[in-house]
Amino acid sequence: LPGQLGMAVLRGHEFHYAGILAQPDAPPALARFATVAPPTEAALRLAYPAAAAAAEQASRPAAELSFGQRMLQRVEGLVTVRQGEQVLVGAPASGVLAEARTRLDAGDLAGTVATLDRLDPAAAAALAGWRAQAQALLDARAALATMAVP
């Protein structure tokens with residue numbers, strides 16, 4: 001049965017057919033997907049660019065700006081200049097988001113989520129939905145791994 005659940009997680013299928021979720025001791029990380037499909041890593045990869053763009057925009061200050069400041073903000077929206085981890089020009093969150101994207105592209109979903117923990121509060125709030133989906137997938141995988149161990 002854990003094999004069936006594992007395949008459902010990988011394919012993004014709901015688990016209602018598996019029967020195990022009807023049990024009162026079903027792991028909550030899996031039970032939440034009894035009637036809705038879990039997120040897939042592929043779907044998370046496809047959704048990341050839009051979520052990251054929203055987080056990057058949210059990390060920029062939203063105060064009233066002078067004409068010169070608005071022009072600088074437009075340039076910063078087009079270009080990011082970093083020195084190591086420090087962003088010199090651009091959205092403050094851009095370095096963290098780029099590192100998270102690299103980890104996601106490498107298949108390191110847990111590393112991606114851990115990297116996103118370094119976002120400023122505004123950027124984190126903008127990315128909260130995506131991050132919650134990624135964490136739900138990680139939790140489901142962990143629950144399956146626990147179930148597979150005799």
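Just so it is clear, the structure is predicted and the values come from calculations on it, not from any experiment.

K.L.:
Quick question: what am I supposed to make of the overall build of the chain here?
P.N.:
Assigned secondary structure in the chain consists of eight helices and two strands. Put simply, the chain runs from its N terminus to its C terminus through helices and strands in the order α-α-α-α-β-β-α-α-α-α. Taken over 150 residues, the chain has a buried fraction of 36%. In the chain, the proportion of contacts linking residues at least 24 apart, taken out of those at least 6 apart, comes to 56%.

K.L.:
Explain the packing of helix α3 (residues 41-58) against helix α5 (residues 94-105) to me, please; I cannot follow it from the model alone.
P.N.:
Each pair of packed helices can be summarised by the angle the axes make with each other and by the distance between the axes. Contact geometry of α3 with α5 gives a least axis separation of 10 Å together with a crossing angle of 175°. Between α3 and α5, the crossing angle belongs to the class labelled roughly antiparallel. Contacts between α3 and α5 involve Leu44, Arg45, Tyr48, Pro49, Ala52, Ala55 and Glu56 on the former and, on the latter, Ser94, Leu97, Ala100, Arg101, Leu104 and Asp105. Partitioning the contact of α3 with α5 into residue classes produces eight nonpolar, one polar and four charged.

K.L.:
Would you take a moment to explain the environment of Gly129 for this structure?
P.N.:
Position of Gly129 among the secondary structure elements: in helix α8 (residues 128-148). Accessibility expressed as a relative area gives 49% for Gly129, which makes it partly exposed. C-alpha separation for the pair Gly129 and Ala51, spaced 78 residues apart in sequence, amounts to 8.5 Å.

K.L.:
Got a minute to help me understand the environment of Arg131 in this structure?
P.N.:
Relative to the elements of secondary structure, Arg131 occurs in helix α8. Residues Arg131 and Leu44, 87 residues apart in the sequence, show an inter-C-alpha distance of 9.1 Å. Among residues more than four places away in sequence, those in contact with Arg131 are Val113 and Asp117.

K.L.:
Would you mind going over the environment of Ala52 with me for this structure?
P.N.:
Checked against the element boundaries, Ala52 lands in helix α3. With 78 residues separating them in the primary sequence, Ala52 and Trp130 have C-alpha atoms 9.1 Å apart. Beyond its immediate chain neighbours, meaning those up to four positions away, Ala52 contacts Leu97 and Leu127.

K.L.:
What is the right way to read α5 from this model?
P.N.:
With 12 residues, α5 should cover 16 Å at 1.5 Å per step; its first-to-last C-alpha distance of 16 Å lies within 8% of that length. Here α5 has its buried residues at Ser94, Gly95, Val96, Leu97, Glu99, Ala100 and Leu104. Looking one or two residues past α5, Gly107 carries a phi angle of roughly 85°, positive in sign.

Definitions and cut-offs
Numbering of residues starts from 1 in each chain and follows the order in which that chain's sequence is written. Thresholds applied to this predicted model are a pLDDT of at least 70 for local features of residues and 80 or more for the giving and counting of side-chain atom pairs; totals over whole chains, interfaces and linings are not thresholded and use all residues. No hydrogens and no water enter the side-chain calculation; it runs on all heavy atoms of the structure. To qualify as a helix, a DSSP run of H or I must reach at least 4 residues; to qualify as a strand, a run of E must reach at least 2; elements of each kind are numbered from the N terminus. With a 1.4 Å probe rolled over the protein chains alone, any residue whose accessible area is under 20% of its type maximum counts as buried; one over 50% counts as exposed, and the rest are partly exposed. Contact criterion: two residues are considered in contact whenever any of their non-hydrogen atoms come within 4.5 Å of each other. Angles here are taken between N-to-C directions and fall from 0 to 180 degrees, while the axes themselves are lines fitted to C-alpha atoms, restricted in helices to the stretch in contact. Any angle that is under 35 degrees is reported as roughly parallel, and any over 145 degrees as roughly antiparallel; angles of 65 to 115 degrees are reported as roughly perpendicular and all others as oblique. Under the scheme applied, nonpolar residues are Ala, Val, Leu, Ile, Met, Phe, Trp, Tyr, Cys and Pro; charged residues are Asp, Glu, Lys and Arg; polar residues are all the others, including Gly. Here the expected length of a helix is defined as 1.5 Å per residue gap, with one fewer gap than residues.

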